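Observations on the three-dimensional arrangement
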Amino acid sequence: MKTIQYVIQSPVGMHARPAGMLVNAAKKFSSSVTVNFNGQSADARKLFALMKLGVKQNDSIALIIDGDDESEAACELEQTLKSYF
């Protein structure tokens, strides 16, 4: 299991377009990817679940990646976070 801690830098937080990029990146891998925020969790493959978390700028999230390709998934998902959030 891999964990990525990330603080959202985007002034608009986790809105639809970048969240969609995260969903697309998560769907490439067989590993499960869960986003944890403020005591809530969401499947990173489900756009509406991510949007429902209500993540804003300067909020800290954790991605939990677990599965056979977790190392590769962690690398790509971290790059996605840095690029869009």
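Here is a short report on the structure shown in this document. Model, not experiment: these values are computed from the prediction. (Residues numbered from 1 in each chain as written. Predicted model: local features only at pLDDT ≥ 70, side-chain atom pairs only at ≥ 80, totals over all residues. Heavy atoms only, no water.)

1. Here's the deal with the nonpolar core
What counts is decided by this rule: What we call a nonpolar core is a set of buried Ala, Val, Leu, Ile, Met, Phe, Trp, Tyr and Cys residues that are connected through their side-chain atoms within 4.5 Å. Only protein chains enter the accessibility calculation, which uses a 1.4 Å probe. A residue is then buried if its area is under 20% of the maximum for its type, exposed if over 50%, and partly exposed in between. Only DSSP runs of H or I covering at least 4 residues are called helices, and only runs of E covering at least 2 are called strands; the numbering of each starts at the N terminus. Should any heavy atoms of two residues lie within 4.5 Å, those residues are counted as being in contact.
By size, the foremost hydrophobic cluster in this structure holds 26 residues, and its most contacted members are Leu-50, Ile-61, Leu-63 and Leu-77. When residues of this core are traced back to their parent elements, those giving at least two are strand E1 (2-7), helix H1 (16-27), strand E2 (32-37), strand E4 (60-66) and helix H3 (70-84). Broken down by element, this core gets its largest block of residues, 5 residues, from H1. When near neighbours in sequence (up to four residues on either side) are disregarded, Leu-50 contacts Met-14, Ala-19, Leu-22, Val-23, Val-35, Ala-42, Asp-43 and Ala-44.

2. Describing the sheet that holds E2
For clarity, the threshold we go by: Paired strands, in this sense, are two strands between which DSSP finds at least two bridges. With axes taken as lines fitted to C-alpha atoms, and helix axes fitted only over the stretch in contact, angles between N-to-C directions fall between 0 and 180 degrees.
Spatially, the 4 strands line up as an open sheet ordered E1-E4-E2-E3, and their pairing is antiparallel. If you trace the sheet from one side to the other, it starts and ends with E1 and strand E3 (40-43), each paired once. Pairs of neighbouring strands in the sheet enclose a mean axial angle of 25°, with direction left out of account. Taken together, the 5 bridges between E2 and E4 define a ladder with antiparallel strand orientation. Opposite Val-33, over in E4, you have Ile-65 as the bridge partner.

3. Side note on unusual backbone geometry
With the exception of glycine, the majority of residues adopt a negative phi angle, and the majority of peptide bonds are in the trans configuration. At Asn-38, a position not held by glycine, the phi torsion is positive, near 55°. In this structure, Asn-38 sits in the loop between E2 and E3. With relative accessibility at 64%, the residue Asn-38 sits in the exposed group. With phi around 70°, Asn-58 is a residue other than glycine that occupies positive phi space. Structurally, Asn-58 can be placed in the loop between helix H2 (47-52) and E4. The exposed category is assigned to Asn-58, whose relative accessible area is 56%.

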